Amino acid sequence: MRIQDHRADDAPEINLIPLIDVLLCLLIFFVVTTTFDARSVLKLELPRADGQPADPQARPLSILINAQGRYFVGDREVLRTDVESLKQSLRDVAGDDRERTVLIRADARTPWQAVITAYEALGQLGFKRVANATASQAGGTQAGTATQ
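Keep in mind it's a predicted model, so treat the numbers as computed, not measured.

Okay, the overall build of the chain next. A tally of helices and strands in the chain yields four helices and six strands. Starting at the N terminus, the α and β elements of the chain follow one another as α-α-β-β-β-α-β-α-β-β. Counting the 148 residues in the chain, one finds 30% classified as buried. Long-range pairs, those at least 24 residues apart, make up 65% of the contacts in the chain with a sequence separation of at least 6. For the chain, the exposed surface amounts to about 10800 Å²; the carbon and sulfur share of it is 56%.

Spelled out as structure tokens, the structure:
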């Protein structure tokens, strides 16, 4: 009778399951602890202008228009780019306060139609004090006032 040695059949193996578990836990940790800042996502290149900055007032209502023509009212994104959607977002954020100054911050590469749509929505809602944010030649941000 022949006795076989089974030790030669045992091959070393690497168990990857614990490594995958650790990597998934790290991934979940980083996703949960990451803070998202809307300003860091939106990179606006403001148009340049020389002039005196407007006097700072009590928290103007901010409308951001990015280079693709998307609107952001306050911290909220407007899902569609039509006038009615923008008006609804303005009503939600501003309420009944039509005397509040509105600051339009449009990217220099924004299609002109997107800016006109914002002015149209503000005019239909009755906002009278509108300011446009521009970048000074030194690189700072200014807000020039205009009335509608």
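Within the largest apolar cluster, 22 residues are counted, with the highest numbers of intra-cluster contacts made by I65, Y71, L86, L90, I104 and L122. Among the elements of the structure, β1 (61-65), β2 (71-73), α3 (83-94), β4 (102-106) and α4 (112-125) are those that each provide at least two residues to this core. For this core, the leading source of residues is α4, giving seven residues. If you look at the next biggest cluster of nonpolar residues, it comprises five residues, including L103, A131, A133 and A135.

Turning our attention to the packing of aromatic side chains. Under the defined criterion, the tally for this structure stands at one aromatic pair. Each ring, one from F29 and one from F30, has its centre 5.4 Å from the other, and the planes form 65°; the classification is edge-to-face.

A separate point is the pairing of strand β5 (residues 129-135). Of all the seven residues making up β5, five are buried; the element is thus mostly covered by neighbouring parts of the structure. Examined bridge by bridge, β4 and β5 share three bridges and lie parallel to one another. Bridging across to β5, I104 finds its partner in N132. Following the backbone out of β4, through α4 and into the adjacent parallel β5, one traces a crossover that is right-handed.

Its 14 residues place the ends of α4 20 Å apart at the C-alpha level, agreeing with the 20 Å of an ideal helix rising 1.5 Å per residue. Check the buried side of α4 and you find it contacts β1, β2, α3, β4 and β5. G126 sits one or two positions beyond α4 and adopts a positive phi of about 95°.

Let's shift gears to the pattern of salt bridges. Tallying each qualifying case throughout the model produces five salt bridges. In this structure, the salt-bridge partner of K87 is E84, at a minimum N-O distance of 3.4 Å. Of this pair, K87 and E84 both sit in helix α3, separated by three residues, roughly a single helical turn. With relative accessibility at 10%, the residue K87 sits in the buried group.

Quick notes on the rules
Residues numbered from 1 in each chain as written. Predicted model: local features only at pLDDT ≥ 70, side-chain atom pairs only at ≥ 80, totals over all residues. Heavy atoms only, no water. Helix = DSSP H or I, 4+ residues; strand = E, 2+ residues; numbered from the N terminus. Buried < 20%, exposed > 50% of the residue type's maximum accessible area, 1.4 Å probe, protein only. Contact = heavy atoms within 4.5 Å. Areas by Shrake-Rupley, 256 points an atom, 1.4 Å probe, with all protein chains shown as cover. Core = buried A, V, L, I, M, F, W, Y, C linked by side-chain atoms within 4.5 Å. Phe/Tyr/Trp six-rings, centres within 6.5 Å; stacked < 30°, edge-to-face > 60°. Pairing = 2+ DSSP bridges. Right-handed = clockwise from strand over helix to strand, strands pointing away. Expected span 1.5 Å × (residues − 1). Salt bridge = Lys/Arg side-chain N within 4 Å of Asp/Glu carboxyl O.

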